[in-house]
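Listed here are the chains, written in short residue letters.
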Amino acid sequence: ARTGARHALATNSGTTALFVSAGALGLREGDEVITTPQTFWATVWPLVARRCRVRFADIDPNSLCIDPTTIEPLVTEKTRAIYVVHHGGQAVDMDQVLEIARRHNLRVVEDCAHVPGGTYKGRPLGTLGDIGCFSFHSLKNMTSGEGGMVTTNDDELFRAATNLGRLRAWGPMVERAEK
């Protein structure tokens, strides 16, 4: 209700929310994902586990968030998504990111672990891209001791995330054990 997203799916952690997102997007070996190096390793781990090629854009020195002007030069025919991290309470310049994604038919995942309740131009973070991922770990800005959440306004992505079943409750170990 706080984000206004059409769908929200509870997970056992923010890391699992990121794994669920990668699965819902259908990312696979050889796909490229552009993200920022200014993040916790959990943002990239689901991508590496799926054998995606991670391409790092630069950061804006003022916000420490991904610098949208450094994203587009990294886009290739194999690029499938952009993972942004709203860092330290600062929102990424989502207008530029979403325009790049639109031009290249890319998905956008928002890592919102550091901005629960945050907004961008009056819109709740975690609802601007295709998927928002939240963490409620004890060291985060808003905590429940542990837990995470996936938000989306896309019915198909929600169905795909929900169909991942045990992954959202037990995490990446289940996915590895099932292979």
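Note that the structure is predicted; figures quoted are calculated from it, not measured.

Asks: Would you mind going over unusual backbone geometry in detail, with residue names and values included?
Replies: We note that Leu 64 has phi near 65 degrees; this positive angle belongs to a residue other than glycine. Secondary-structure assignment places Leu 64 in the loop between strand S3 (53-56) and strand S4 (79-85). Classification of Leu 64 by relative accessible area gives partly exposed; the value is 34%.

Asks: Let's hear about the pairing of strand S5 (residues 107-111): which residues, and what values?
Replies: For S5, the buried fraction is high: four of the five residues fall into the buried class. Relative to S5, S4 runs parallel, the two being bridged by five bridges. Looking across to S5, one finds that Val 84 is bridged to Glu 110. One crossover worth recording links S4 to the parallel S5 by way of helix H3 (residues 94-104), and it is right-handed. Pairing of S5 with strand S8 (residues 131-135) involves three bridges; the strand directions are parallel. When the bridges of S8 are listed, Val 109 appears paired with Ile 131.

Asks: Can you explain helix H1 (residues 14-25)? Please cite residues and give values.
Replies: Side chains of residues three or four places apart in an α-helix project in the same direction, reflecting 3.6 residues per turn. With twelve residues, H1 should cover 16 Å at 1.5 Å per step; its first-to-last C-alpha distance of 17 Å lies within 8% of that length. Across the twelve residues that make up H1, a large majority, twelve, are buried. Of the positions making up H1, those classed as buried are Gly 14, Thr 15, Thr 16, Ala 17, Leu 18, Phe 19, Val 20, Ser 21, Ala 22, Gly 23, Ala 24 and Leu 25. The opening residue of H1 is Ser 13, an N-cap whose side-chain oxygen sits 3.4 Å from the backbone nitrogen of Thr 15. One or two residues past the end of H1 sits Gly 26, with phi positive at roughly 75 degrees.

Asks: Which residues make up the sheet that holds strand S2 (residues 32-35), and what values do they have?
Replies: Read from one edge of the open sheet, seven strands run S1-S9-S8-S5-S4-S2-S3, paired in mixed fashion. If you trace the sheet from one side to the other, it starts and ends with strand S1 (7-11) and S3, each paired once. When strand polarity is set aside, the average angle formed by the axes of neighbouring strands in this sheet is 20 degrees. Each of S1, S4, S5, S8 and strand S9 (148-152) touches H1; the most contacted strand, S8, lies at about 160 degrees to it.

Asks: Run through the packing of aromatic side chains, naming residues and quoting values.
Replies: Considering all chains together, one arrives at three aromatic pairs under this definition. The interplanar angle of 90 degrees and the centroid separation of 5.0 Å between the aromatic rings of Phe 19 and Trp 45 together place this pair among those described as edge-to-face. Here Phe 19 is found in helix H1, whereas its partner Trp 45 is found in helix H2 (residues 45-49), with 26 residues between them in sequence. Classification of Phe 19 by relative accessible area gives buried; the value is 2%. You can call Trp 45 partly exposed: its relative accessible area is 29%. Within the aromatic cluster, the residues linked to one another by ring pairs are Phe 19, Phe 40, Trp 41 and Trp 45.

Asks: Report on the nonpolar core, specifying residues and quantitative values.
Replies: Within the largest apolar cluster, 23 residues are counted, with the highest numbers of intra-cluster contacts made by Ile 71, Ile 82, Val 84, Val 92, Met 94 and Val 97. Within the residue set of this core, elements represented by two or more residues are S4 and H3. The leading source of residues in this core is H3, at four residues. With sequence-adjacent residues up to four places away left out, Ile 71 is seen in contact with Ile 34, Ala 57, Ile 66, Ile 82, Val 97 and Ile 100. Core analysis: the second largest hydrophobic core is formed by 20 residues, Leu 18, Leu 27, Val 33 and Leu 157 among them.

Each value, and the rule that gives it
- Residues numbered from 1 in each chain as written.
- Predicted model: local features only at pLDDT ≥ 70, side-chain atom pairs only at ≥ 80, totals over all residues.
- Heavy atoms only, no water.
- Helix = DSSP H or I, 4+ residues; strand = E, 2+ residues; numbered from the N terminus.
- Buried < 20%, exposed > 50% of the residue type's maximum accessible area, 1.4 Å probe, protein only.
- Pairing = 2+ DSSP bridges.
- Right-handed = clockwise from strand over helix to strand, strands pointing away.
- Expected span 1.5 Å × (residues − 1).
- Polar contact = N/O pair within 3.5 Å; in protein donor to acceptor, adjacent residues only side chain to side chain.
- Axes fitted to C-alpha atoms, helices over the stretch in contact; angles between N-to-C directions.
- Contact = heavy atoms within 4.5 Å.
- Phe/Tyr/Trp six-rings, centres within 6.5 Å; stacked < 30°, edge-to-face > 60°.
- Core = buried A, V, L, I, M, F, W, Y, C linked by side-chain atoms within 4.5 Å.

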